[in-house]
Amino acid sequence: MTDTINTAVETSAADVVADLTTEEKASLTSGADFWTTKSVDRVGLPSILLTDGPHGVRLQRADSDHLGIGDSVPATCFPPAVALGSSFDPELLERVGTALGEEAQAEGVGVLLGPGINIKRSPLCGRNFEYLSEDPIVSGVLGSALVRGLQSQGVGASLKHFAANNQEADRMRVSADIDERPLREIYLRGFQRVVEDEQPWTVMCSYNRLNGVYTSEDPWLLTKVLRDEWGFEGLVVSDWGAVNHRVTGLVAGLDLEMPASAGRTDAQLVAAVQDGTLDEAALDLAALRNVELVQKAVRNARADATYDVDTHHALAREVAAASIVLLKNDGVLPLAADASVAVIGELARTPRYQGAGSSQINPTKLDNALDEIRVLASTEVAFAAGYGDDGSSSDELTAEAVAAASAASTVLLFLGVPAAQESEGFDRDDLELPAAQLELLDAVLAVNANVVVVLSNGGVVRLSGFADRVPAIVEGWLLGQAGGGAVADVLYGVVNPSGRLTETIPVRLADSPAYLDFPGEHSHVRYGEGLFVGYRWYDARDLEVTYPFGHGLSYTSFEYADAAATASAEGIAVRVTVTNTGDRDGAEIVQVYSSVEGSSVVRAPRELKGFAKVALAAGESREVEVLLRRKDLAHWDTRVDEWVVEGGTYTVSIGSSSRDIRTTATVGVEGDAVQAPLSMNSSIGELIAHPVAGPIIMQAFTGGVEGDGGANPAGAIMADPSMFKMMASFPIGRLASFPGMPVTMDQVERLIAASNGQDA
Ligand code: BGC
């Protein structure tokens, strides 16, 4: 904050705006520099600080650059979203959000730029480490938890990147060309949930275009959908440098351009007001939202806020451990404290714990797995680097690793994607681990089959080349500053793993849904897979996967029984009894997928609609209830441009992954009444199904026609089932060219108008 006397903070925002000149209003709608808004000292309106985000507070020191190359104030580096998502634990994420809020308060930050909840459309997206899932319910539920925690501390969130920023290639220009249903049901659904449930103080528009229009200047996205439909009350900020045309953006609903435009675009706004091309009311509105944001930040600021570095480090470790996914375990894990172990791989000593780009945090501390393993082990633990910092290897490093592997009974082999391959700003070329690491794996396996592979990666890697040759695989993602301790905790059973995949690990890249349409060409990317994103695709195509969405093992086992589902106005309440059948305490992620028998619309075979994390002591049984919200059952009906719940029999499939369904229940759900308007292009079948037009048409077609002596040719057709079927698909308007029909086109037109509730 500036040291201006904050008189404008005590006044109503509308009064403040009423007192401002056109120039002052325009100035409020763009930043003062990289990270602050402009003050208006004349009226006592201070500036506020917005900073990255999302998994830590990246407060850059003065004179620093934008993209994180420069130094930033030390802050807790919590696990990035790729890991947080895998915890499937909203309560834990809310605690992370709260801790982020505490740190932001301590640094005087008003808005933290996150969370990022874009869908992981392709496993190649360079920024997948910053996103939560390939599924919109997971992204929405967990994104909400982060916003809830952060804002509980009086710090604003910036929900980003709105919308359809699913690749880094050409991100500043590319148009994501998406059909209405996948756009609504997959790419916007998570944003909608967070906005409706949590009212983030700000939403950050993305760099890209959506169906040809820059999101920074799309009135459909920023006003109709975000505000009119979802009820967003906060401020829309541009991604840094996302503004294409300032005046168009402002009219569309973009309230704040970041970072600074050196007054250039402010002057464009003033000129547009003066020459009458911009209605000053639009500028007033944007200025009002900026004043409101500043007021919120200043009123909630806690000048004396501090946080405890050690407590937050401990939280980062707890969260990291809950985020690790045990992909495979033939019984080699957990390790006994006195197990004979060799740790191999530079990543055990020099961890990769976050991705590169604007989210890069300068951590308060940094643990590594090797040291933490040595703390938990009661015997000496040998170490060999195996490969260098950049992932390359040498005969000497390999020889040392092989010697260490030969001398131990269990090898903990740390493999991962080199930092240079995963960053904001570009995508990966493939899903492969470095060749040198895979050669090292072969060399180690040749002398010791008991190899536990521990992975460090921000996006999924192909495991199909070795998954069946090693007894255990631990997916360690990028785990933040305390990840080393968390990995040790899981390996030695201090923590029983409960993380689950929020994205599918395919057998090969070519199997993945967006493979043929990623990253597009000539600044257009067509989302040709439509609704079939992630597991929806692999399931619909019945493709083999290495590890399915939702998969993750525990050191104990769980059984499911007594599933029941009841429908109500709220949705479907699913109950199931889960029992920990092993001899260790543990936690299960109960996943509930839905499908609709004989659905009239295109659907994936199973769609996740709810989940719950349940902690159970060894032997304990508990009834778990998961509510599938009715609005989450809806599909976007393109005929009426509305969410519609289809009526019918719903199957809820409850299980431990998308491909490990343990029990099912069925329930009847009453559908929404939806009536697509009739036209002369409506089929006879559609007219027959219409409550007003239907009986009249049936009477006309099957009843006698006056003056024809009882012989209605249409009657004979309607009586023959196969002829009826043929006729049912016939557009009513086309009947005009057929003689002898029982209705005139004038009558049909009047009937259609009456059925649509219009005057004939
Ligand atoms: C990123 C945003 C980030 C902003 C500010 C942009 O390049 O896309 O996620 O919040 O920079 O650093």
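Residues numbered from 1 in each chain as written. Predicted model: local features only at pLDDT ≥ 70, side-chain atom pairs only at ≥ 80, totals over all residues. Heavy atoms only, no water.

An unreviewed UniProt entry lists the protein under the name Glycoside hydrolase family 3 C-terminal domain-containing protein, with Agromyces allii as the source organism. Word for word, the UniProt comment on the protein under Sequence similarities (unreviewed entry) is "Belongs to the glycosyl hydrolase 3 family." (UniProt positions renumbered as here; feature names shortened; annotations may be inferred.)

Trainee: Help me understand the environment of Ala104 in this model?
Mentor: Assignment of secondary structure puts Ala104 in helix α5 (residues 90-106). The sequence separation of Ala104 and Met204 amounts to 100 residues, and the corresponding C-alpha distance is 18 Å. Those residues in contact with Ala104 that lie beyond four places of it in its chain are Val57, Val109 and Val155. (Helix = DSSP H or I, 4+ residues; strand = E, 2+ residues; numbered from the N terminus. Contact = heavy atoms within 4.5 Å.)

Trainee: Which parts of the structure should I look at to understand the UniProt feature "domain: Fibronectin type III-like" (unreviewed entry) in the protein?
Mentor: The positions UniProt marks with the feature "domain: Fibronectin type III-like" (unreviewed entry) are residues 588-658. Split by type, residues 588-658 is 6% helix and 62% strand. Its first and last C-alpha atoms lie 14 Å apart.

Trainee: I would appreciate a short explanation of the pattern of salt bridges in the present structure.
Mentor: Pairing is possible between side chains of opposite charge, provided their charged atoms come close. Enumeration over the complete set of coordinates arrives at 47 salt bridges. Arg349 serves as the salt-bridge partner of Glu346, at 2.8 Å between the closest nitrogen and oxygen. In this pair, Glu346 and Arg349 are both assigned in helix α14 (residues 346-349), three residues apart and thus about one turn of the helix distant. Judged by relative accessible area, which is 9%, Glu346 ranks as buried. (Salt bridge = Lys/Arg side-chain N within 4 Å of Asp/Glu carboxyl O. Buried < 20%, exposed > 50% of the residue type's maximum accessible area, 1.4 Å probe, protein only.)

Trainee: Looking at this model, I keep getting lost on the sheet that holds strand β16 (residues 472-475). Mind explaining?
Mentor: Hydrogen bonds between backbone groups are what pair the strands of a sheet, and the pairing can be parallel or antiparallel. Spatially, β11-β16-β15-β14-β12-β13 is the arrangement adopted by the six strands of the open sheet, whose pairing is mixed. Edge positions in the sheet fall to β11 (325-329) and β13 (382-384), since each has one partner strand and no second. Taken pair by pair, the neighbouring strands of this sheet meet at an average axis angle of 15°, ignoring direction. Pairing analysis gives four bridges linking strand β15 (residues 451-456) to β16, with the strands arranged parallel. The partner of Val454 across the bridge, within β16, is Val474. Contacts between helix α18 (residues 483-491) and the sheet are confined to β14 (410-416), β15 and β16, with β15 contributing the most and set at about 150° to the helix. (Pairing = 2+ DSSP bridges. Axes fitted to C-alpha atoms, helices over the stretch in contact; angles between N-to-C directions.)

Trainee: Is there a simple way to explain the packing of aromatic side chains in this structure?
Mentor: With the rule as written, the count across this model stands at ten aromatic pairs. Ring centres of Phe88 and Phe549 lie 6.4 Å apart, and the angle between their planes is 70°; this geometry places the pair in the edge-to-face category. Of this pair, Phe88 sits in the loop between α4 (81-86) and α5 while Phe549 sits in the loop between β19 (545-547) and β20 (558-568); the two residues are 461 residues apart in sequence, bridging distant segments of the chain. For the pair formed by Phe88 and Phe549, the shared burial category is buried. Among the aromatic residues, those joined into a ring-pair cluster are Phe88, Tyr535, Phe549, Tyr593 and Phe611. (Phe/Tyr/Trp six-rings, centres within 6.5 Å; stacked < 30°, edge-to-face > 60°.)

Trainee: I'm lost on the pairing of β20 in this one. Help?
Mentor: Within a regular strand, side chains alternate between the sheet's two faces. Of the strand pairs in this sheet, β20 and strand β21 (residues 571-580) are connected by nine bridges, and their pairing is antiparallel. Within the sheet, the bridge partner assigned to Phe558 lies in β21 and is Asn580. The turn linking β20 back onto β21 is made up of two residues.

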